[in-house]
Each structure stands twice: as C-alpha cells, then as structure tokens.
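Structural description and commentary
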Amino acid sequence: MVELVRLDQPRMGALFLATSALLFAVMGILIREVSVGVNNENVVFFRNLLGVVFFLPMILVKGFAPFRTQRLGRHFMRTFYGLGAMYCFFYAIAHLPLADAMVFTYAAPVFTPVLAWWWLRESLTPRMMFMVLLGFAGVLLVAKPSGALFDPIGMVGIAASLLAACAFVSIRVMSSTEPATRMVFYFAFFSTLLSSIPLLWAWQPLTGAQLGMLISIGLVATVSQLIMSKAYTLAPPGKIGPLSYLAIVFSGLFAWFLWDEVPDISACVGAGLIFASTLISIAMPGAQAKPRQSGV
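Residues numbered from 1 in each chain as written. Predicted model: local features only at pLDDT ≥ 70, side-chain atom pairs only at ≥ 80, totals over all residues. Heavy atoms only, no water.

1. What to know about the confidence of the model for the protein
Here is the rule we go by: For every residue, the pLDDT score states the predictor's confidence, bounded by 0 at the bottom and 100 at the top. Put simply, DSSP marks the helices as runs of H or I at least four residues long and the strands as runs of E at least two long, and each gets a number from the N terminus on. Note on contacts: a residue pair is in contact if any heavy atoms of the two residues lie within 4.5 Å.
Per-residue confidence for the protein averages 76 on the pLDDT scale, and 76% of its residues sit at or above 70. Mean pLDDT across the elements of the protein ranges from a minimum in strand β2 (residues 291-293), with 38, to a maximum in helix α9 (residues 199-202), with 91. In this model residues 1-5 is a low-confidence stretch, pLDDT under 50, and it forms 20 contacts with partners more than four residues away in sequence or in other chains. Ignoring residues within four places in sequence, the model shows residues 286-296, a span with pLDDT below 50, making 24 contacts including any to other chains.

Written out as structure tokens, the structure reads:
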C-alpha cells in the first residue's frame, strides 16, 4: 500500500497537543466533581462508552468504511497500553497522596522520547531530553510530592507512566496508515468492552445529574483524544511530548478560579518551567513528509 513517511511538523503538533491538554484539564475538573458520588469503574466505563457513541453519526452517514483497518492487532495493543495506564493511574490515586499520583500522571513524557528513539528510531537529542526534564522539574515543583512517592505502590504509578508513554508512541507507529478518527474509535470500542467487565460487581445506580456529568466527561475526553492523536501524527513524541505538561498548569488555573486554590511560589515557578519547556518544543524545526511505497 502507499504509506506516508511520518510527518515532522512540531509547531502544528504542539498547537494540537496544547489544545488537548486544555481539554484534558476540563475533563479532570469534571471527574473531580462527579467522583464525589460515582466510583472509578463507572467513570472509566462511561468515559469510553461515550467515545463509541460519539462516532455513531459518522457510521450512520458513511457506513463502517472509514474504520476498516488492516492493523487491528496494533489498535488492540494501543488500547492495552492506554486502558492499562488509565487503571494504574486510578489505583495510584486511590492508594497514594494526590500530589504523588499527579507526578506519575505527568511522568509519561519523560519516558516518551526514549521509547520513540528505541521503537521508531526517531531522533533523541540533548535538547529534547533537556526540555522534557525541565518540564518534569516544573511538575515536581507544582505537585510537591511526599516520601510516599517511593512506596512500593509507586511501582504501579511507574507502570502507568510507562504504559501511557507506550500508548503515545503506538499512535505514532500507526500514524502512517491510520487517521486519528480511526485510532480513537478502536481505542474507545476495545476499552468499552474491557471496562464493562468490572461493572459486573461495581455497577451503581446513577442520578440524572451524574449521568449528564459522565456524558460530558466522555465527550470531552473523546475530543481531547482525537486532537492528541492528530498531534502525535504530526510530530515525533519526543519533540512535542512536554506540551502535555500544560494540563497541570490549566488544571491549576481552573482550581484557582473555581475553588480559590491559590498557587504558592513554588507552584508558580514550576508553571514557569513548564511553559519554558513548552516554548522550546514549539521552537524546534520540522520537516515535511513525502510519500513512499510500503507493504506494511
């Protein structure tokens, strides 16, 4: 089949990933609100189910043709990584202080450039590693983790970060043949099937307000994933990965506005470091893709 060389447009990819980070922060606010009365199993299930429902109008209008693929195994592995990371993050949140769990949530970009270099043989420069570590230093200043970060349960958090990084790179792996809509559809489809299993023992009745909140979470999450998937098809994960750190800055701004959670000096310095790593990402030059023949 005709396949495109993977794109290298970091500025455009950065714009998409920053938008995704903003929507991810909105999703976090909604999850915080609904989790007061709804357990994690239901939140995860509805977050994925709405992803499938999101694509129903397209299927009704265009049929299943846009979603036909010869890489079903790759889609399942991408789901394995993404859903595994989701459950590990929830476990870390339930068993570690929130600040420590937050560090693991945003540690994935630290691993992403190395995985992209090892898996895809994409470039790994000192500048790329510097911007990743600079952004992660900002996350540490914002989160201010405790000694529990090094608890044995922290291994679950590390696994979550590694699985999330694998998910980001797997998107890049499929980007030459699979559009963002197809990748998000199969992730939502497989994740819905798998996350429905825990409902056999964890289902709970929902109020109208809770259902409305869960629908909102699912829709925001799906749009965020579409934009994120598009971002990683436009540029190497190692170059634009630190843009995902912006989610923690946006979350802090929302918490300040909604709940008067005023950031301290270290949080402001950390946010500055995150923005600095973001600017370095945007400043990186890119290259244009050219078509080539491939039998993959």
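From this point, the discussion proceeds with the structure in view.
2. What to know about the packing of helix α2 (residues 40-62) against helix α10 (residues 208-234)
Rules: Lines are fitted to the C-alpha atoms to define the axes, a helix being fitted only along its stretch in contact, and any angle between axes, read from their N-to-C directions, falls within 0 to 180 degrees. Crossings are assigned a handedness: left-handed for a near helix turned anticlockwise from the far helix by less than a right angle, right-handed for a clockwise turn.
Interaxial distance between α2 and α10 falls to 8 Å at its minimum, and their mutual angle equals 65°. In terms of crossing hand, the pair formed by α2 and α10 is right-handed. In this structure, α2 uses V43, F46, R47, L50, G51, F54 and F55 to contact α10, whose residues at the interface are L211, L214, I215, I217, G218, L219, A221, T222, V223, Q225 and L226.

3. Focus: the side chain of Q210
To keep it simple, the criterion reads: Summary of the burial criterion: residues with accessible area below 20% of their type's maximum are buried, those above 50% are exposed, and those between are partly exposed, where the area comes from a 1.4 Å probe applied to protein chains only.
Following the sequence through the fold, Q210 ends up in helix α10. Look at Q210 and you get buried, because its relative accessible area is 18%.

4. Topic: helix α12 (residues 246-259)
Cut-off, in case you're wondering: Expected helix span is computed as 1.5 Å times (number of residues minus one).
Across its 14 residues, α12 extends 19 Å between first and last C-alpha, which sits within 8% of the 20 Å expected from 1.5 Å per residue. Residues of α12 that are buried include every one of L246, A247, I248, V249, F250 and A255, and no others. Of the residues flanking the end of α12, it is D260, one or two places downstream, whose phi is positive at about 55°.

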